[in-house]
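# Coordinate analysis (summary)
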Amino acid sequence: MATQPAPTRDLLEHFGPHRAYAIDAAGPEADRLVKTHCCFCGQQCGIQLKVNGNRVVGFEPWEEFPFNRGMLCPKGVKRYLQGSHPDRLLHAYQRDPAAPGGFRPLPYAAAIEQVAAAIQRIQAQYGNDAFAVLSGASLTNEKAYLMGKFARMCLKTANLDYNGRLCMVSAAAANKLAFGIDRAANPWSDIVAAEVVWISGANIGECAPITTHYVWQAREKGARLIVVDPRITPLARTCDLFLPVKPGRDVALFNGILHLMIENDWLDHDFIDAHTIGFDKVAEQVRNWTPRRTAEVTGIAERLIRQAAQWWGTARTSFLLHARGIEHHTHGVQNVLGAINMVLASGRLGRPGCGYATITGQGNGQGGREHGQKCDQLPGGRDITQPAHRAHVAAVWGIEPEELPGPGVDVYEIFRKIDRGEVRGLLSICFNPKVSLPDNTFVGRMLDKLEFYVAIDFFLNETARHADIVLPGSLHEEDEGTVTQIEGRVLKINRCVDPPGEARQDWRIIQDIAAALGRNRGFTFANPREIFEELRRASAGGIADYAGITYERLAREFGVFWPCPSEDHPGTPRLFEDGSWNPVARGQGRFYFPDGKARFHVTAYAPPAEDVDDAYPIILTTGRVVSQFLSGTQTRRIGPLVDQYAEPRVEMHPRLASRLGITDGDWTTIVSRRGSCTLRAQVVTTIRPDTVFVPYHWPGARSINQVTIAAQDPISKIPEFKVCAVRVFKAKAAPEYEER
Ligand SMILES: Nc1nc2c(c(=O)[nH]1)N[C@H]1C(S)=C(S)[C@@H](COP(=O)(O)OP(=O)(O)OC[C@H]3O[C@@H](n4cnc5c(=O)[nH]c(N)nc54)[C@H](O)[C@@H]3O)O[C@H]1N2
Ligand SMILES: Nc1nc2c(c(=O)[nH]1)N[C@H]1C(S)=C(S)[C@@H](COP(=O)(O)OP(=O)(O)OC[C@H]3O[C@@H](n4cnc5c(=O)[nH]c(N)nc54)[C@H](O)[C@@H]3O)O[C@H]1N2
Ligand code: SF4
Ligand SMILES: [Mo]
């Protein structure tokens, strides 16, 4: 392999002209096609990658795969270009201020030795918990499982958490509180059979594009589509009823709808009596949520609220979907519980065409939150504080339960621990917190405060720029394993090529560190299949039970839905069906509690952590665009995706724009109590006039997370990405980054 020079460009700002457009001008022929899945979002569309030698050179649709039937969004179509980008890390790197770009390559083995030495020094000096681990939900189940085991068993640190903390945790906490299990309740085929589809805080057209197809199929059959969002998203443009909620007020809307359901007796009393507890308390609490009060708080006209309640209340079948729009809040768990109350009161759950789901985010947003890389969780969705759960996992790992650390803290708290000197060293994999955490100026300062930081990635992401050592990990197509997609279906990812240069599969890197520490017992897996076999045993009897899933079944059956307790079990596409078995209720009911009943929860409304005032009178909300993915490290390197949406813009309504003297394309400054950001305005009629929207996929001066607030939900610890208070004005000049 030819050696690649150290990256010398300033990646902190943007990637300049270096974007992958095509593999070869001539377009090489494929010598084989590999059936696998997209590396990006939680839908995990089936795709066939064209491979020539050790290079991925293109794709073909995979029309037999049932979820997407060959359909792909723009990211899936262009994903194959990332491996050929010149920034692909082919060596380990060491920080060296004198070297061009700030890093110089060093031999892989020497880098591993340095990492092990630093871990040993920091843990000897400050204790095991002084070394923290951050992991990611784009990793396969095998890698996610290994990261949890590595942190707990090899490093013996409690301080492990993952990027799903920024993503799935409000929905996860609420689903566990209400149902005792955290997974989409239904396969997507139930969307098609629903009479009413309710979508709250999900930009399905851009962020779960293939799900659009399911919603439209329902519409073709006459379903009514209700969308709740401060923006008229692409899918909302085709809906029957649009509720333009003021950001941060969703629980008030859900309470108001339940109020009208009770007032009109649009309730399933038999279901409520037989399968739930806690309804009376909730009914008492929503008595105050009259349509008038609901309208005042949510900013939605009373007429629209009544119409939505009537459609929802009187439907025979329905499907409620939500995503980060209601979850990225200091009241994210309350919002989700409010949505669940509405579903439980309707009794439309656990039957064909009757469903509920949160839309998962990252590629393995589902599996990544089940197998023990969360600060309080062990594999199989087990709880690290419960003695029986600890005993089961300790037995699989061949250690005593007392050797397992206790619960750790969430990602943001790990950064606060760095500030307090309680965490001195960090290993991160598959996570770019410098871009993706709120108030990220603080995050950058904390990274520099670490005594030692090692990052594992295939690109030098903006966080890794602060590392002492960077280890070259593997792309999705360079390894095999499993992921669990949006519906709860476990899928097989197949290897197309080998990692280039000195890059290694991530699990090998982790095991190499364990070996260099002299602690490789339990870290001698020869391949992902061996890791999966152990994961099956570790998850057996847990709620996320994968015991009956094998690589062979996954290939044969186009995936298997968990829970799947034995090899002769068919898997569980639809949860909460009458008579369906679950390990907690043991045949005594549908839901995953010992009494088999779902829980209603009283859902109190409170305004966002930082509401608007005279000094900061405009609401900022943040999110995504279709052609960019997360912190953008991958999609900002793919030419056609950059061309589609090249830089973040500030969406604002013409009325707000004219009040501020701003016209489309003007440089516009957004200022909060944390920081500021200058971007071009995009004047659109599809947003509430009291709110501006900015996508967050860019680093440095273009990063809107300089402005967002680090307030967190008290239960889930998710940050409030979806609301903070800002001042907006026409910039005096173009930002500096633009002039360079
Ligand atoms: N193209 C693309 N697709 C992706 C991703 C990506 O980065 N790019 N990321 C993946 C990941 S990890 C995730 S988590 C998902 C996220 O998928 P989504 O949650 O659908 O995406 P977001 O843009 O974060 O926010 C969704 C919507 O919430 C709205 N919103 C803002 N505030 C509120 C509010 O207070 N209430 C309500 N009801 N709505 C509000 C926004 O206007 C936006 O339309 O997408 C996945 N798919
Ligand atoms: N303002 C604002 N901020 C947000 C959000 C928002 O809506 N608004 N959304 C939040 C959400 S929902 C999420 S999920 C987070 C995501 O935030 P992050 O998780 O920080 O973002 P990613 O871009 O996924 O970073 C993952 C890194 O992992 C690398 N990577 C991907 N796959 C692999 C792999 O298999 N192996 C290895 N070794 N590395 C890999 C990528 O190159 C990238 O550098 O951002 C959050 N931040
Ligand atoms: S919808 Fe998601 S999984 Fe499918 S092609 Fe697009 S990014 Fe990939
Ligand atoms: Mo996410």
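No experiment lies behind these values; they were computed from the predicted model shown. The residue numbering used here restarts from 1 in each chain and proceeds along that chain's sequence as written. Lettering of chains starts at A and numbering of ligands starts at 1, both following the order in which they are written. This being a predicted model, a pLDDT of at least 70 is required before a residue's local features are given, and a value of 80 or more before pairs of side-chain atoms are given or counted; all residues contribute to the totals for chains, interfaces and linings. Side-chain numbers come from the whole structure's heavy atoms, not from hydrogens or water.

### Concerning empty space enclosed by the protein
As a reminder of what qualifies: Grid points spaced at 1 Å over the protein atoms alone were grouped into cavities, where a 1.4 Å probe fits but cannot get out, and pockets, open sets with protein on both sides within 12 Å along at least five of seven lines, with lining residues defined by an atom within 4 Å of a point. Grid points are joined across faces, edges and corners, and a volume is the space filled by probe spheres set on the points. Labels follow the DSSP assignment, with helices taken as runs of H or I lasting at least four residues and strands as runs of E lasting at least two, numbered in each case from the N terminus. Note on residue categories: nonpolar means Ala, Val, Leu, Ile, Met, Phe, Trp, Tyr, Cys or Pro, charged means Asp, Glu, Lys or Arg, and polar means any other residue, Gly included.
Applying the stated criterion across every chain, the model contains two cavities of 30 Å³ or more. Considered as a void within the structure, the second largest cavity measures approximately 80 Å³ in volume. Taken together, Cys38, Phe40, Cys41, Gln43, Gln44, Cys45, Leu72, Cys73, Lys75, Gly76, Pro209 and Ile210 make up the full set of residues lining the second largest cavity. Only helix 1 (74-78) and helix 7 (209-220) provide two or more residues apiece to the lining of the second largest cavity. Taken together, the residues of the lining of the second largest cavity sort by class into eight nonpolar, three polar and one charged.

### Remarks on the domain arrangement of the protein
Put simply, the test is: Residue ranges assigned to the domains are those given by an automatic or database domain assignment. Any two residues whose heavy atoms approach within 4.5 Å are treated as being in contact. Buried area: the sum, over both parts, of the accessible surface (1.4 Å probe) that disappears when the two are put together. In what follows, salt bridge is the name for a side-chain nitrogen of Lys or Arg lying within 4 Å of a carboxyl oxygen of Asp or Glu.
Here the domain parsing of the protein yields domain 1 (6-82), domain 2 (104-167 + 364-561), domain 3 (169-358) and domain 4 (618-730). Summarising the inter-unit geometry, the C-alpha centres of domain 3 and domain 4 are found 26 Å apart. On the side of domain 4, 24 residues touch domain 3, which itself brings 29 residues to the contact. For the pair domain 3 and domain 4, the summed buried surface comes to about 2,100 Å²; carbon and sulfur atoms form 63% of the total. Its largest share of buried area at the contact with domain 4, domain 3 owes to Arg231, His328 and Thr330, together 33% of the area lost on that side. Here domain 3 and domain 4 share one salt bridge between them.

### So, the site of ligand 1
To keep things clear, this is the line we draw: To be near a molecule or strand, a residue needs just one of its heavy atoms within 4 Å of it. What qualifies as a polar contact is a pair of N or O atoms within 3.5 Å, subject to a donor-acceptor requirement within protein and to the restriction that residues adjacent in sequence count only when both atoms come from side chains. Computed with the Shrake-Rupley method and a 1.4 Å probe, the accessible areas treat only the protein chains shown as cover for residues.
As a structural note, the neighbourhood of ligand 1 is formed by 34 residues, with Asp229, Asp250, Arg624, Gln628 and Leu630 the closest of them. The backbone of Gly201 places a nitrogen or oxygen atom 3.4 Å from a nitrogen atom of ligand 1. At a separation of 2.9 Å, an oxygen atom of ligand 1 approaches a polar side-chain atom of Arg231. Here ligand 1 loses 99% of its free accessible area of 910 Å² to cover by the protein chains. Mapped by element, the contributors of at least two residues to the shell around ligand 1 are helix 6 (204-207), helix 13 (324-327) and strand 23 (618-623). Ranked by the residues each element gives to the shell around ligand 1, the list is headed by helix 13, at three residues. Taken together, the residues that form the shell around ligand 1 break down as 14 nonpolar, 12 polar and eight charged. Taken domain by domain, the shell around ligand 1 gets at least three of its residues from each of domain 3 (169-358) and domain 4 (618-730).

### A word on the nonpolar core
Put simply, the rule reads: Side-chain atoms within 4.5 Å are what join buried Ala, Val, Leu, Ile, Met, Phe, Trp, Tyr and Cys residues into a set we call a nonpolar core. Type-normalised accessible area, obtained with a 1.4 Å probe on protein chains alone, sets the label of each residue: buried when under 20%, exposed when over 50%, and partly exposed for intermediate values.
Counting residues in each nonpolar core, the largest one holds 113 residues, and the members touching the most others are Phe150, Phe179, Trp198, Leu243, Ile257, Leu471 and Ile513. With nine residues, helix 14 (residues 332-346) is the single largest residue contributor to this core. A domain split of this core shows at least three residues from each of domain 2 (104-167 + 364-561) and domain 3 (169-358). For Ile513, the residues in contact, after removing those within four places along its chain, are Ile112, Val115, Ile119, Phe150, Leu427 and Leu471. Core analysis: the second largest hydrophobic core is formed by 47 residues, Tyr80, Ala194, Val215 and Phe319 among them.

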